[in-house]
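Coordinate analysis (summary)
What follows is each chain in one-letter form.
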Amino acid sequence: MVRSSCTLTYVLLSLAFIILNVITLGNLAPWVDEVMMLDTSYNMAVHGSWETTAWYRVAGQHPFSTYPPLYQLLAAAWIWLFGSSLVVVRSMNLLITFMLGGTCLRLMTRCGQGATPVTTALFTLLLWGTDEMAWMYRNGRPDMLCALLFVCTVLAAASYLSVQSLSARRAVVVASALLFCSGVQAAVCLCAVWLFFFIAQKGRRKEYIRLFRLLAAGMLLGMLLVALFMLAHGRLTAFVCSIIQYSATLSAISLAVLPWAGEVTGVDTTSYARKLLELTPQSSLCEWLASVAAYRSFLVLSVLALAAYASCFRSRLKALTGDWGFLMLLCALCVPLVMTLAGRYPVYYRWMAFLPLALAVTSISARRRFWRAVFGVAAVLLTVFGVRTMLPDGQWDSEGLHAFVQRQHFKPSDAVVCPFSAFYEMKPVCGTCYFAGVFPTEYIVHVDYIIEAADGDRFDQPITTYVNRLKEDTTVVLTATDHCEHPSLTLYHVQTNYE
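Residues numbered from 1 in each chain as written. Predicted model: local features only at pLDDT ≥ 70, side-chain atom pairs only at ≥ 80, totals over all residues. Heavy atoms only, no water.

1. Digging into the overall build of the protein
- When helices and strands are counted, the protein shows 21 helices and five strands.
- Counting all 499 residues of the protein, 52% fall into the buried class.
- Looking at the protein alone, contacts between residues at least 24 apart form 72% of all its contacts between residues at least 6 apart.
- Within the structure as shown, the protein displays about 22,700 Å² of accessible surface, and the carbon and sulfur contribution to it stands at 65%. (Helix = DSSP H or I, 4+ residues; strand = E, 2+ residues; numbered from the N terminus. Buried < 20%, exposed > 50% of the residue type's maximum accessible area, 1.4 Å probe, protein only. Contact = heavy atoms within 4.5 Å. Areas by Shrake-Rupley, 256 points an atom, 1.4 Å probe, with all protein chains shown as cover.)

2. Examining helix 10 (residues 205-232)
- With 28 residues, helix 10 extends 40 Å from end C-alpha to end C-alpha; this agrees with the ideal 40 Å at 1.5 Å per step.
- Where helix 10 ends, the next residue or the one after it, glycine 234, has phi of about 70 degrees, a positive value. (Expected span 1.5 Å × (residues − 1).)

3. Examining the nonpolar core
- Ranked by size, the top nonpolar core spans 141 residues in total, and within it Leu100, Leu211, Trp351, Phe375 and Met426 carry the most contacts.
- The biggest single contributor to this core is helix 7 (residues 143-162), with 14 residues.
- Residues in contact with tryptophan 351, not counting those within four places in the same chain, are Met133, Met136, Asp143, Met144, Cys146, Ala147, Phe150, Ala186 and Pro356.
- Ranked by size, the runner-up nonpolar core spans 16 residues in total, among them Ile444, Ile450, Leu478 and Tyr492. (Core = buried A, V, L, I, M, F, W, Y, C linked by side-chain atoms within 4.5 Å.)

4. As for helix 19 (residues 398-406)
- Inspection of helix 19 places Gly400, Leu401, Phe404 and Val405 among the buried residues, and these make up the whole buried set. Down the axis of helix 19, the sector holding all buried residues measures 135 degrees, keeping them to one side.
- Residues of helix 19 that are buried make contact with helix 20 (423-426), strand 3 (449-452), strand 4 (476-484) and strand 5 (489-496).
- Backbone nitrogen of glutamate 399 and a side-chain oxygen of the N-cap are separated by 3.2 Å at the start of helix 19; the cap is aspartate 397. (Arc of directions from axis to C-beta. Polar contact = N/O pair within 3.5 Å; in protein donor to acceptor, adjacent residues only side chain to side chain.)

5. A look at the pattern of salt bridges
- This structure, assessed with the given rule, holds 10 salt bridges.
- Glutamate 442 is the salt-bridge partner of arginine 57, the closest N and O atoms lying 2.7 Å from each other. Linking arginine 57 in the loop between helix 2 (32-47) and helix 3 (70-82) with glutamate 442 in the loop between strand 2 (432-434) and strand 3, this pair joins segments that are 385 residues apart in sequence.
- Arginine 57 sits in the partly exposed class, given a relative accessible area of 25%.
- When salt bridges that share partners are traced, they join Asp33, Arg141 and Asp143 into one network. (Salt bridge = Lys/Arg side-chain N within 4 Å of Asp/Glu carboxyl O.)

6. Some thoughts on the packing of helix 1 (residues 2-24) against helix 5 (residues 117-129)
- Direction vectors running N to C along helix 1 and helix 5 enclose 25 degrees, while the axes themselves pass 9 Å from each other. As the angle between them shows, helix 1 and helix 5 are arranged roughly parallel. Two packed elements cross with a definite hand, and for helix 1 against helix 5 that hand is right-handed. Contacts from Val2, Ser5, Cys6, Thr9, Tyr10, Leu13, Ser14, Phe17, Ile18 and Asn21 in helix 1 reach Pro117, Thr120, Ala121, Thr124, Leu125, Leu127, Trp128 and Gly129 in helix 5.
- The class makeup of the residues in the contact of helix 1 with helix 5 is 11 nonpolar, seven polar and no charged. (Axes fitted to C-alpha atoms, helices over the stretch in contact; angles between N-to-C directions. Parallel < 35°, antiparallel > 145°, perpendicular 65-115°, else oblique. Left-handed = near helix turned anticlockwise from the far one by under 90°. Nonpolar A, V, L, I, M, F, W, Y, C, P; charged D, E, K, R; others polar.)

7. Side note on the sheet that holds strand 3
- With mixed pairing, the five strands of this open sheet are ordered in space as 2-1-3-5-4. Two strands in the sheet have a free side with no partner beyond their single neighbour: strand 2 and strand 4. Pairs of neighbouring strands in the sheet enclose a mean axial angle of 20 degrees, with direction left out of account.
- Here strand 3 runs beside strand 5; their pairing, made up of four bridges, is antiparallel. Opposite glutamate 452, over in strand 5, you have threonine 490 as the bridge partner.
- Packed onto the sheet, helix 19 meets strand 3, strand 4 and strand 5 and runs at close to 140 degrees relative to strand 4.
- Packing of helix 21 (residues 461-472) onto the sheet brings it into contact with strand 1 (415-417), strand 3, strand 4 and strand 5, and relative to strand 3 it is tilted by some 130 degrees. (Pairing = 2+ DSSP bridges.)

8. Re the environment of arginine 367
- Mapped onto the elements, arginine 367 comes out in the loop between helix 17 (351-365) and helix 18 (369-388).
- Judged by its relative accessible area of 33%, arginine 367 falls in the partly exposed class.
- Measuring from C-alpha to C-alpha, the distance between arginine 367 and alanine 308 comes to 9.8 Å, with 59 residues separating the pair along the chain.
- Every residue in contact with arginine 367, bar those within four places of it in the chain, is listed here: Phe313, Asp323 and Arg372.

9. Digging into unusual backbone geometry
- Of note, the bond from histidine 486 into proline 487 is cis; its omega dihedral lies within 30 degrees of zero at 0 degrees.
- Along the chain, proline 487 turns up in the loop between strand 4 and strand 5.

Next up, the structure:
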């Protein structure tokens, strides 16, 4: 009876958030990462080609998506089945998030953390309502898929530690293989979590060593599958290089080793070292601390959770080390530090810390009515702030952009240079859309129109640079033919000057 009530609570609350999101998804402008991920998926679903004009050059090769392909394959199938509008495509992440929440609740049950309708409601509010989580599941990045497969792998690992059967072993291997195929960063996070529990639970280290063998086998299998996929497309070297450049730690090691490797092999590594310096994320300790301080939901819940556990266990502090919820809390606090040491922890990786924190909060809330009330109030307040971020901000008008595109005379054969914000509107209209914010302009042979976002972010500036270069070219005539207010866009018609 309690279980069915918990399920009903989760489904109804989640359905309310899904409806709210479907109504407001258009208020978030498409951005660079979203377009880079989904351009390949769109081309595969509509044109049958695994190609992209929204990626950068890696290892001197023609631009190609070097991200592990599982999310893009799923997105291609989703677009093929349901269409390519902004709301439809982003709705895939809403479904994944719904599955993620259900898997988290199942993990709690597996680990002996009994749920009630009240604690289920609390967890659901934290999952859907906080602004950081909302931002992650409302755009087209693969982070929610990574989170889902991460929790599935942890659930399989928990089952294996409980019953070391053949089916449990297979589940761990398959789940960890799919996890790597969804994102290398998720596999790194899994290793960090395994290391945390290996250190924290001294009495079970032999079991954790056996578990790691299965996890390593699965991740190696996933690595092999991704490597074969990249090799089949002639991009294996580019894939390896992209892994290095996305980690500040790996990049630093590579930059130290490259001169020596160049001397030994006789290969000039200067150009790659220069490219590595350009693409490697650089952030100081102060910048990292500032980004953590901006993570409002995480800070509020962490402080409250620490106070709650200290209060509930004040007379038996030694028992904390064996409490599942407290271990989740410590894990949530350690993951950002470990991922930063690994070389990368941007805002869209915050699910790695938030999910164990939400589980820790839910666990301690089940113990005391007072803390249930405290966390309930906190969850409601954080949800209010989260919902406010879903509302229009006045700088982005999807209907205005739609009207701007529809009143043009674009033909399917036209080649257009576009900003990322125009992705969902332009892809169905023109057969060739160059997103020159990342796509190298030297690969653009012919273009009929350019949409410039002069007031956009740094990823829109390459388009402005390209426009200025064409204006200086006497063989080309650029004519500004239309303008959009929100977002601020200018359309140029590109013609050859025959004089």
